[in-house]
Amino acid sequence: MTSLTSCTTLNNGVKMPWVGLGVWESKEGGEVEHAVRSAIELGYRHIDTAAAYGNERGVGQAIKESGVRREDLFLTTKLWNNSNGYEPALRAFEESRKKLGVDYIDLYLIHWVIGEKYLESWRAFEKLLHDGYVRAIGVSNFEPHHLQRIIDQFETKPAVNQIEFHPYLTQRELYQYCRSHQIQVEAWSPLMRGAMLTEPTIHRMAEKYGKTPAQVILRWDLDQEVVTIPKSVHRDRIEENSKVFDFHLTEDEIAQINGLHRNQRSFSYDPNHVDWGLN
């Protein structure tokens, strides 16, 4: 890992940049367009959005205006909960693809577990993969038992599991399960919406390395081979989040940060217990 173009190799051979821009809560009509354009100008090549974010059209417009070749970008979007099922998932994908204004998606994720509907959605995802509309398929917020059902019942295992992952929620069992099954872990809310930035342990390491607390946390992700997608709409923060390739944490420092785990989520959504009312 030496730069924003450094990639992990997914279990199907597709290359995915280790660091990307997340655009959750970034609004269309200027905000998300500015954020994506800024990120691409600064060297980012990985953008993560979702149908539920309501900004796919803006993301697509910014990508189009960037002047960067489509094949040089890695674009992720996600299937929202009300579109689970075989035919609904296919329709939702096409809607997302058209909003983004692209011919294909690099990574398509099931956003949350909805009863057992994710199994039918996965069947649709395999079709999209086989038909060449997506380069890789994966999931978000899935626990080991959900992942195992996909592995047991389908030809294609998830390439990625995007989960809430930060020092207060290290999810070690899930992390180890994914590692042992060649499923790439990707961190959403890696900075816990900024709540991690005042943690004294992180501050001490930031002072040692001449870095910001955010940069230390993102380096902690990378040193554990976790893809990370910090969200910001501010160019200076987007640039700050990219400057994480010139230092490493020691094994002891990684262990210290892991020791901050509190099983504390940014949101109240536990994938094993959340009820979306759509089962």
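Going by the structure above, here's the rest.
Here's a quick rundown of the structure.

Scoring rules and cut-offs
- Residues numbered from 1 in each chain as written.
- Predicted model: local features only at pLDDT ≥ 70, side-chain atom pairs only at ≥ 80, totals over all residues.
- Heavy atoms only, no water.
- Helix = DSSP H or I, 4+ residues; strand = E, 2+ residues; numbered from the N terminus.
- Phe/Tyr/Trp six-rings, centres within 6.5 Å; stacked < 30°, edge-to-face > 60°.
- Buried < 20%, exposed > 50% of the residue type's maximum accessible area, 1.4 Å probe, protein only.
- Pairing = 2+ DSSP bridges.

### Structural notes on the environment of Pro88
Along the chain, Pro88 falls in helix α3 (residues 86-100). Between the alpha carbons of Pro88 and Asp246 there is a distance of 45 Å; along the sequence they are 158 residues apart.

### Describing the packing of aromatic side chains
A ring pair, where both rings are aromatic, is described by two values, the distance of the centres and the angle of the planes. Scanning all chains against the criterion turns up eight aromatic pairs. Ring geometry for Phe93 against Tyr133: centres 6.3 Å apart, planes inclined by 65 degrees, an arrangement best described as edge-to-face. Taken as a pair, Phe93 in helix α3 and Tyr133 in the loop between α4 (117-130) and β7 (134-140) lie far apart in primary sequence, 40 residues in all. Taking relative accessible area as the criterion, Phe93 reaches 1% and is therefore assigned buried.

### Observations regarding the sheet that holds strand β5 (residues 74-79)
Strand order in the open sheet formed by eight strands is β3-β4-β5-β6-β7-β8-β9-β10, and the pairing between neighbours is parallel. With one partner strand each, in any of the chains shown, β3 (21-22) and β10 (227-228) form the two edges of the open sheet. Two elements, β7 and strand β8 (residues 160-164), share two bridges in a ladder whose sense is parallel. Following the sheet pairing, Ser140 is matched in β8 by Gln162.

### Some thoughts on the pairing of strand β9 (residues 184-188)
For β9, a buried count of five out of five residues is recorded, marking the element as mostly surrounded by other parts of the structure. Of the two faces of β9, the one carrying Gln184, Glu186 and Trp188 and the one carrying Val185 and Ala187 are both buried. Relative to β9, β8 runs parallel, the two sharing five bridges. Residue pairing across strands places Gln162 opposite Glu186, the latter belonging to β9. Sheet topology places β9 next to β10; two bridges connect them, and they run parallel. When the bridges of β10 are listed, Glu186 appears paired with Val227.

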